[in-house]
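Working through the structure, step by step
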Amino acid sequence: MNNSLKLKGRLILLSVLFSAQASFCQEMTYPIKEDVATISGILTAAYDAISGAAGTPRPVERIASLYVPKGLVSKNTITDGKNDREVMTINQFQQKFPVIRKSAFYEEEINREIRIFGNIASVWSTYQIRYAKNGPPVHRGINSIQLHYKEDRWWIVSWSWDAESGENPIPASFDAY
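Source: prediction; values computed, not measured. (Residues numbered from 1 in each chain as written. Predicted model: local features only at pLDDT ≥ 70, side-chain atom pairs only at ≥ 80, totals over all residues. Heavy atoms only, no water.)

Side note on helix α3 (residues 39-50)
A rise of 1.5 Å per residue sets the reference length of α3, with its 12 residues, at 16 Å; its end C-alpha atoms lie 17 Å apart and thus fit the reference within 8%. Along α3, the residues that are buried comprise I39, G41, I42, L43, A45, A46, Y47 and A49. The inward-facing, buried residues of α3 contact α2 (33-36), α4 (60-65), β3 (106-117), β4 (120-130), β5 (137-150) and β6 (153-163). (Helix = DSSP H or I, 4+ residues; strand = E, 2+ residues; numbered from the N terminus. Expected span 1.5 Å × (residues − 1). Buried < 20%, exposed > 50% of the residue type's maximum accessible area, 1.4 Å probe, protein only. Contact = heavy atoms within 4.5 Å.)

The structure is reproduced here in structure tokens:
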């Protein structure tokens, strides 16, 4: 009888351990449902995933799970002294930047304007960047994000940004909430 109780106890312990492991594995499976269920969720996830302390790996699988397979990212560049755009797939963009950043980087949304028609959405998302979690903002700009709703979730199709400068100030209508 005593051995029977010990066996039952071990089986219960194993069951609890397997359940905990399964629960942990589910949390690490992307996309995370809350990340992609709403426009607010996907934008919050995108900002959260690219932000972090120095030496902290960025969750590349989480970031990729937010985009359509051939999702685009574009950024400003200067070519021959003239403004230009560099357009990359999300995979090319992630390969260009290290998974572990040498310095802290925190990008946060400070204003949002959304337009939705059918299964597409366009978002103007004003952002600010800090190099310390609660440090002063060091850069600001506007992200233009195009999304598509299919398969019961939102997908980022493209993410493009332009930084604020003396010649390119953020209009009052796009400034902080």
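What about the pairing of strand β2 (residues 82-89)?
Judged from the 8 bridges that link them, strand β1 (residues 67-79) and β2 form a sheet pairing that is antiparallel. Looking at β2, one finds that N76 is bridged to R85. Here β1 folds back onto β2 in antiparallel fashion, the turn holding 2 residues, of which D80 has a positive phi close to 50 degrees. (Pairing = 2+ DSSP bridges.)

A few points about the pattern of salt bridges
A full pass over the atoms with the stated rule returns 8 salt bridges. Between R140 and E164 there is a salt bridge, with its nearest N and O atoms 2.9 Å apart. Taken as a pair, R140 in strand β5 and E164 in the segment after β6 lie far apart in primary sequence, 24 residues in all. Overall, E164 belongs to the partly exposed group, its relative accessible area being 30%. (Salt bridge = Lys/Arg side-chain N within 4 Å of Asp/Glu carboxyl O.)

Things to note about the side chain of T126
In this structure, T126 sits in strand β4. Accessibility expressed as a relative area gives 0% for T126, which makes it buried. At 2.4 Å, the side chain of T126 forms a polar contact with the backbone oxygen of F174. When neighbours within four sequence positions are excluded, T126 is seen to be in contact with Y47, E108, E109, I110, N111, G141, I142, I170 and F174. (Polar contact = N/O pair within 3.5 Å; in protein donor to acceptor, adjacent residues only side chain to side chain.)

Everything listed here is a matter of geometry and, on its own, says nothing about what the molecule does.
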